[in-house]
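Chain and residue survey
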Amino acid sequence: MAQTRALSLLGLKVLGSFTGHAGYDGVMLGLPDAGVHLELTHHEQGSPGEAPSRDNLLVLYIPERAALARIVARLFSMGYPEVEPANPYWKGRSTTIADPDGWRVVLFDGVWA
């Protein structure tokens, strides 16, 4: 799954995975020492179509500016350039990256309040 590679580049650790469960494969991603995870699944027959819009987002709030800079630099070096956010709220507050399928990840500079 292309999304798994992109998310691992964000520093999310693979916590677990499964294959062939009623036609589904999946991976669980999380931050070290965090009690929550993000699970992505994929059916063997696929889900045809493109990302619904430029504003369907996964937003990650990164409170440590140095960590954010490292993640952005790593993504840029791997060929994931910044894209213009559809929502002006994100401009100047974050970095928006599009994965190979067109889904967007927003790396927000700060904490959610």
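Residues numbered from 1 in each chain as written. Predicted model: local features only at pLDDT ≥ 70, side-chain atom pairs only at ≥ 80, totals over all residues. Heavy atoms only, no water.

**What about the overall build of the protein chain?**
Looking only at helices and strands, the protein chain has two helices and six strands in total. Walking the protein chain from its N terminus toward its C terminus, one meets helices and strands in the order α-β-β-β-β-α-β-β. Of the roughly 7,300 Å² of accessible surface on the protein chain, a fraction of 54% belongs to carbon and sulfur atoms. (Helix = DSSP H or I, 4+ residues; strand = E, 2+ residues; numbered from the N terminus. Areas by Shrake-Rupley, 256 points an atom, 1.4 Å probe, with all protein chains shown as cover.)

**Notes on the sheet that holds strand β1 (residues 13-21)**
Taken in spatial order, the three strands line up as β1-β2-β3 in an open sheet, and their pairing is antiparallel. What marks the edges here is a single partner per strand, and that holds for β1 and β3 (38-43). Going from strand to strand, the sheet's axes swing by 15° on average, the running direction of each strand aside. As paired elements, β1 and strand β2 (residues 24-30) share six bridges and run antiparallel to each other. Bridge pairing links His 21 to Tyr 24 in β2. (Pairing = 2+ DSSP bridges. Axes fitted to C-alpha atoms, helices over the stretch in contact; angles between N-to-C directions.)

**Comments concerning the layout of surface pockets**
By volume, the second largest pocket is sized at about 420 Å³. Lining the second largest pocket are 18 residues, and of these Leu 12, Leu 31, Leu 60, Tyr 61 and Ile 62 sit closest to its centre. Of all the secondary structure elements, the ones that give two or more residues to the lining of the second largest pocket are β2, β4 (57-62) and α2 (65-77). No other element matches β4, which puts four residues into the lining of the second largest pocket. Its residues assigned to classes, the lining of the second largest pocket shows 15 nonpolar, three polar and no charged. (1 Å grid on protein atoms, 1.4 Å probe; cavity = no way out; pocket = protein on both sides within 12 Å on 5 of 7 lines; lining within 4 Å. Points joined across faces, edges and corners; volume = space filled by probe spheres on them. Nonpolar A, V, L, I, M, F, W, Y, C, P; charged D, E, K, R; others polar.)

**Overview of the sheet that holds strand β5 (residues 94-98)**
The strand order β4-β6-β5 describes an open sheet built from three strands, whose pairing is mixed. With partners counted over all chains shown, the strands left at the sheet margins are β4 and β5, one partner each. The mean inter-strand angle of the sheet, taken between neighbouring strand axes irrespective of direction, is 20°. Of the strand pairs in this sheet, β5 and strand β6 (residues 104-109) are connected by five bridges, and their pairing is antiparallel.

**Let's talk about the pairing of β2**
Burial analysis of β2 places five of its seven residues in the buried class, the great majority of the element. Taking the residues between adjacent antiparallel strands as the criterion, β1 and β2 are bridged by two residues, where Ala 22 takes a positive phi near 55°. Sheet topology note: the β2/β3 ladder contains six bridges and is antiparallel. Within β3, the position partnered with Met 28 by the bridge is Glu 39. (Buried < 20%, exposed > 50% of the residue type's maximum accessible area, 1.4 Å probe, protein only.)

**Observations concerning the confidence of the model for the protein chain**
When the pLDDT values of the protein chain are averaged, the result is 83; 86% of them are 70 or greater. Mean pLDDT per element in the protein chain: helix α1 (residues 2-9) is the minimum at 62, and β5 is the maximum at 93. (pLDDT = per-residue confidence, 0-100.)

**With respect to the packing of aromatic side chains**
Tallying each qualifying case throughout the model produces four aromatic pairs. Relative to Phe 108, the ring of Tyr 61 has its centre 5.0 Å away and its plane inclined at 55°; by these criteria the two rings are tilted. Of this pair, Tyr 61 sits in strand β4 while Phe 108 sits in strand β6, and the two are 47 residues apart along the sequence. Residue classification places Phe 108 among the buried residues on the basis of a relative accessible area of 8%. Measuring from centroid to centroid gives 5.9 Å for Trp 90 and Phe 108, while their planes differ by 80°, and the two rings are edge-to-face. Residue Trp 90 is found in the loop between α2 and β5, and its partner Phe 108 is found in strand β6; the two are separated by 18 residues along the sequence. Each member of the pair, Trp 90 together with Phe 108, is buried. One aromatic cluster in this structure is built from Tyr 61, Tyr 89, Trp 90 and Phe 108. (Phe/Tyr/Trp six-rings, centres within 6.5 Å; stacked < 30°, edge-to-face > 60°.)

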